[in-house]
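# Chain and residue survey
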Amino acid sequence: MRHRPDQTIDNLRNVPLFAECTNRELTKIAALHCRVHVKAGKAVAEQGTVGREFIVIVSGTATVQRDGLDIATLGAGDYFGEIALIAHGRRTATVIAATDLVVDAFSRAEFDQLLEASPELAPRIYAEATRRMHGTAAGKQ
């Protein structure tokens, strides 16, 4: 079965991060990401490694670990990887697929284009990254 472009836009609109984007912005965002299927038990990101992607969970759940301890559970609509991209640094946590996951992955260049395509996303992503770096985001990485 083919995946219709309007279905991709509807899927993106269901992600809280993108919910307020216009159709034009969503069309640009849809052209940027790569949809990836991840099997349960696989690490999607590993603490201490260089961050190369921004990940938005489309479906499934993942466990966030820092220094080997579970610190959060992520689900559909949650995202991670922005800290390493913004800071040009290493991953601050490990994220493991607790169930089979479907994620939208944005490379560093695509992440930059994402912020250009929808400028109002940048303040929300930066604010969340700041909260996460300071350990004040309940239920988030």
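Residues numbered from 1 in each chain as written. Predicted model: local features only at pLDDT ≥ 70, side-chain atom pairs only at ≥ 80, totals over all residues. Heavy atoms only, no water.

Below, the discussion takes up the nonpolar core. Ranked by internal contacts, the top residues of the largest apolar core, which has 20 residues, are Leu17, Phe18, Ile29, Phe54, Phe106, Leu114 and Leu121. Looking at this core, the elements with two or more residues in it are α1 (5–13), α2 (23–32), β3 (53–59), α4 (108–117) and α5 (121–133). Other than its neighbours up to four places away in sequence, isoleucine 29 contacts Leu12, Phe18, Cys21, Phe106, Leu114, Ser118 and Leu121. Counting 15 residues, the second largest nonpolar core, distinct from the first, contains Val38, Ala72, Val95 and Ala105. (Core = buried A, V, L, I, M, F, W, Y, C linked by side-chain atoms within 4.5 Å. Buried < 20%, exposed > 50% of the residue type's maximum accessible area, 1.4 Å probe, protein only. Helix = DSSP H or I, 4+ residues; strand = E, 2+ residues; numbered from the N terminus. Contact = heavy atoms within 4.5 Å.)

Right, let's talk about the packing of aromatic side chains for a bit. Considering all chains together, one arrives at four aromatic pairs under this definition. Ring centres of phenylalanine 54 and phenylalanine 106 lie 5.9 Å apart, and the angle between their planes is 45 degrees; this geometry places the pair in the tilted category. Residue phenylalanine 54 is found in strand β3, and its partner phenylalanine 106 is found in strand β8 (residues 101–107); the two are separated by 52 residues along the sequence. Phenylalanine 54 sits in the buried class, given a relative accessible area of 0%. A relative accessible area of 0% places phenylalanine 106 in the buried class. Ring geometry for phenylalanine 54 and phenylalanine 111: centres 5.0 Å apart, planes at 50 degrees, overall tilted. Taken as a pair, phenylalanine 54 in strand β3 and phenylalanine 111 in helix α4 lie far apart in primary sequence, 57 residues in all. Neither phenylalanine 54 nor phenylalanine 111 differs from the other in exposure class; each is buried. (Phe/Tyr/Trp six-rings, centres within 6.5 Å; stacked < 30°, edge-to-face > 60°.)

As summarised here, the arrangement of the four strands in space is β2-β7-β4-β5, forming an open sheet in which the pairing is antiparallel. Pairing within the sheet leaves two strands with one partner each, and these edge strands are β2 (43–45) and β5 (69–74). Neighbour-to-neighbour, the strand axes of the sheet open up by a mean angle of 30 degrees, direction not taken into account. (Pairing = 2+ DSSP bridges. Axes fitted to C-alpha atoms, helices over the stretch in contact; angles between N-to-C directions.)

This part is about the environment of valine 102. As for its position among the elements, valine 102 is in strand β8. Note: C-alpha distance between valine 102 and serine 59 (43 residues apart in sequence) is 5.2 Å. Residues in contact with valine 102, not counting those within four places in the same chain, are Arg35, Val36, His37, Val56, Ile57, Val58 and Ser59.

When the terminal C-alpha atoms of α5 are compared, their 18 Å separation across 13 residues agrees well with the 18 Å that a helix rising 1.5 Å per residue should span. For α5, the set of buried residues is Leu121, Ala122, Ile125, Glu128, Ala129 and Arg132. The buried residues of α5 all sit within an arc of 135 degrees when viewed along its axis, so they share a single face. Check the buried side of α5 and you find it contacts α2, β3, β6 (79–80), α3 (82–87) and α4. (Expected span 1.5 Å × (residues − 1). Arc of directions from axis to C-beta.)

The subject of this paragraph is unusual backbone geometry. A positive phi angle is found at aspartate 67, which is not glycine, with a value near 55 degrees. Here aspartate 67 is to be found in the loop between β4 (62–66) and β5. Positive phi values are uncommon outside glycine, yet histidine 88 reaches one of about 50 degrees. As for its placement among the helices and strands, histidine 88 is situated in the loop between α3 and β7 (94–97).

Burial in α4 covers these residues: Phe111, Leu114, Leu115 and Ala117. On an axial view of α4, the arc spanned by its buried residues comes to 160 degrees, and they lie on one face. In the core, the buried residues of α4 are packed alongside α2, β3, α3, β8 and α5.

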